[in-house]
Structures are given as C-alpha cells and as structure tokens.
Amino acid sequence: MLFRLLLSLVGLLLVVTLGVVGFFWRFALAAVTPPPASAFSVQLVQKGQVLAGMGNCAACHTTKGGAPLAGGLPIATPFGIIYSSNITPDPDTGIGHWSQDAFKRAMREGVRQDGAHLFPAFPYTHFTVINDEDLSALYAFLMTRPAVHALTPVNTLPFPLNIRSLQAGWKLLYFDQKPYQTNVSQSVDWNRGRYLAEGIAHCAACHTPRNFLGAEKKNSAYLGAQIDGWFAPALTAANTSPLPWTQAELFAYLRSGVSQFHGVASGPMSEVVHQGLALSPDADIHALATYFVNINGSPVATTSTASADAIAATNLAKIMGKSAQVNGLYTQRGANLYLAACASCHSNSNGIPTGVRPELGLNSALTAADPSNLLRVILTGAARRAGGTFDAAPDMVAIAPGSYMPGFAASLTNEDLVQLASYLRRSRTDLPPWDRLEASVVAARKASAP
C-alpha cells in the first residue's frame, strides 16, 4: 500500500515536472542563410520601413552615435538594465540566420530563434496583433539593412530574474496572445487606428502604468505613466489638458509635433513624431487620431466642427482671461522669474496662442498630474535637433519659424525651478500644487544632465 502511494506520488511529480518543462521549453528553429536583398521587392521593403518607423524600432535598437539597429542601448528597468539586441542581418551577432518564421515567433511570442524567451522590455505583448503581411514587410526591411557586427552587452538583471525560462511564468500571468479582432461597430479609420496603436506603435507601452512585475495594468490602459524621466500623459478622458484634444489637434500634433492649443512634442515623444512617424502616410496618422479621440471621450470630439469650435473658444477665453489678470502681477519670486525668462515669448494673452509659442495656461505640461515634462523642457529647452529629437544641443534647429526655446539648466537653481513651476501652476490653473515638487526638480535635473 505504502509502495503504491509512493509510486503514485513519484508518477505525479514526474508528470508535473514534464508539464512544467514542456511549458517553459521552446525549440530552436533552424538557422538559414541570410537572404540577399534581391529576395525582397522594393515595395515590400518600403512598406517595412514605414512600419519600422511606426514602431520606432531605431529608438530602442540604436545606441547614441552607434550604427542603426545594431542594439546595445541600455534600457533601465526596476529590475536592472536590459540591453537591446542587434536586429541587423549580421549572421553572428544579429538576426541574419533567422528565418521569417523565427522572426514572426519572436515578434508574436517573445521567443528568440534559439528558443530562449525574450524579456518583456521588448513589447511582444503588443506585436502579437500584427498581421502576417506587415510582419513579412518588417522582416524584408530589416534583412536589407547593412549587417553590423556588434555584440550585445550582458544584462545586469540579478539571479534568478536573469533566467530566461522563468519568463514563461510571466507570460502565463500577463501575456494575452490573441490576434486583432475588427470591431464591426466602428469605422474603418477607427479600426485601422486601433490596429496601429495597439500593435506596431505600442502606444500603451509608454502611456499605461505598470505593476510590480513590470506588466501593464490592463484596467488602467492609457492612464499615463513615467517613462525615461518624462511623464506620458493619459490618453483617455483622464487627460488633464484644459482644452480637449480634438481630432484636428491630434492629427497636427502627431504629424508635425506642434499643437496650437497644447504645445510641442518633447522628450521621447519627439522621437516618435519626428523620426518614427515621419514616413507614415497621412491616412495612418488620421486613423490614429480617430481612435484616440474616441477613447478620449471628449464632447468636442463627438460634436460638429462648429460646435467644437464654439466650445473651444469659450474655454480658451476663460484661460486667456485668467492669464491676462496675472500677467501684471510680478510681486513674487516665481512671478519675477517668469517675467525674466518666459514672458517675452509666452505672454500672448491678447491674441490667439500659437503652438510653437503656446499660452502656458493651455499647455498640457502645466496641467499634468506630474511636473516632469514642464521641468525637463525648462531645463533643456525645446527645439528640434538635426536628428529629430527635442533637447538642448549645439545642433538645434527651429521646430518652425520663431519656435526655438533655450534651456535654463545653467541659469536657474533648483529653488528657482520650484518657485517658477509653483507660480505657473498656481496662476494659470485651478489645480492643486504638485506634491513633492522639490524631489521632482532634483530628478528632472539629474535626468536632463548630459
């Protein structure tokens, strides 16, 4: 009796062990000879280039001053640093020996060609919805890039987090591997926008807060999150912008990086707009704007153009009137700093603001729940570098005529920043003061350091 019981327990343990091993294990896929560039049509490669831009692949897979897509960029996570991989067709250090099936498995399942699980710093949780045609185009684009021999540095994840097979457990908890489902109750533009936003553009990866294991909080989708020392604002009705994001403003912002009523794209978002989306057709930008204005739920977004303009004009008049009242009151340190550093460009209360010199009472950075964006722009400035990003650098060029904003990191102390930010928040919004502003200033200066 005891022998049978022990035998049964051993058998059960064996079955469980084999089941766990089977769940964790992924077979390596056969290596292939790197296909020649002539194996892919020009049209397919061009389509892949547009999709790679929409996915902003180069931003994560290129180090500063390094070869495009050769990897090695350190990605800071709460668990340690993960280095992006080389996705050029180099056969030794890149993906040159990957078949198209291996590439699709990596994109959709987060599994490398050799069978190892990828860490979710690579957003395969979004790429799983990309269709076969688009993945084939991406593969064609990457396989026709110059091959770069570049070894990926070793991640700094501590044991046991560095064991890739344990990622299967993470996937069991948080990976929903489902293809994109068309919503027949929505328009073609809406469905196209959702497909792009939820898939290749992986917008939620930055705009959704994460739990203690690094997974996106699905019940908090697009509610805003910290990313690289910046704050990615909410894209839902929780957005605190004083004027709602209309479809026209969203299109203008995603197309040019400038919104008349919200300011300019800075930080990581400037790379998305000026590098990532630069080659995307207007139709896709329009589709993204259609989708996000819908999930924003703004009354302006769902009314006629005439009604939207009327509502915007009413709200704008209130904000501009408030700014006009406070612009003459320079009796505090923060107000005096504003007069010295900001008023010459931003004191436009007597006229309609422009996106490149926005009325600060309209600016989304001032009304956000987190002051990071406002502080970072004050410190580094806002102008487009030759490469496309917005920060302070010798090679800055204007976003548009008259749009250059210098950085004030060298001329304003931390206490100056606290006073200035507090004054702007108090004088131009009805929102409460930011919590722990002093700590945010310290963090912003550290993140802005060269």
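Residues numbered from 1 in each chain as written. Predicted model: local features only at pLDDT ≥ 70, side-chain atom pairs only at ≥ 80, totals over all residues. Heavy atoms only, no water.

Details of helix α12 (residues 282–296)
Let me state the cut-off plainly: We count a stretch as a helix when DSSP gives it H or I for four or more residues in a row; a strand needs E for two or more, and each element gets its number in order from the N terminus. Helix span, as expected, comes to 1.5 Å for every residue beyond the first. Burial classes follow relative accessibility: with a 1.4 Å probe on protein chains only, a residue under 20% of its type's maximum area counts as buried, one over 50% as exposed, and anything between as partly exposed.
Helix length check: α12, at 15 residues, gives a terminal C-alpha distance of 21 Å against a target of 21 Å (1.5 Å per residue), a fit within 8%. All buried positions along α12 are accounted for by Asp284, Ile285, Ala287, Leu288, Ala289, Thr290, Tyr291, Phe292, Val293 and Asn296. Just downstream of α12, Gly297 is the residue with a positive phi angle, here 70°.

Here's the deal with unusual backbone geometry
For the bond from Phe159 to Pro160, the omega torsion is 5°, close enough to zero to count as cis. Structurally, the position occupied by Pro160 is in the loop between α6 (132–143) and α7 (167–174). Positive phi, normally seen in glycine, also occurs at Leu69, with a value near 70°. Relative to the elements of secondary structure, Leu69 occurs in the loop between α3 (57–61) and β1 (74–77). Looking at Leu69, the relative accessible area reads 7%, which means it is buried. With phi around 55°, Asp228 is a residue other than glycine that occupies positive phi space. Within the fold, Asp228 resides in the loop between β3 (225–227) and β4 (230–232).

Quick look at a nonpolar patch on the surface
To keep things clear, this is the line we draw: Nonpolar side chains (Val, Leu, Ile, Met, Phe, Trp, Tyr) are joined into patches within 5 Å and like charges within 9 Å, using only residues with over 30% relative accessible area and no salt bridge. Working definition of accessibility: Shrake-Rupley area with a 1.4 Å probe, residue cover restricted to the visible protein chains. Think of a salt bridge as a Lys or Arg side-chain nitrogen and an Asp or Glu carboxyl oxygen that are within 4 Å of each other.
Taken together, the side chains of Leu173, Phe212 and Leu213 define a hydrophobic patch exposed on the protein surface, amounting to about 340 Å² of accessible area. Along the chain, Leu173 turns up in helix α7. A relative accessible area of 59% means that Leu173 is categorised as exposed.

Focus on the packing of aromatic side chains
Two aromatic rings, taken as a pair, are described by how far apart their centres are and by the angle between their planes. Defined as follows: Working definition: rings of Phe, Tyr and Trp (its six-membered ring) pair if their centres are within 6.5 Å, and the pair is stacked with planes under 30 degrees apart, edge-to-face with planes over 60 apart, and tilted otherwise.
All told, the structure shown has 11 aromatic pairs when counted by the stated rule. Look at Tyr124 and Phe175: their rings are 5.1 Å apart centre to centre, the planes differ by 85°, and that puts the pair in the edge-to-face class. Highlighted residues: Tyr124 in helix α5 (residues 124–127) and Phe175 in the loop between α7 and α8 (188–198), separated in sequence by 51 residues. With respect to burial, Tyr124 and Phe175 carry one shared label: buried.

Fair warning: the whole summary comes from geometry, so function is off the table for now.
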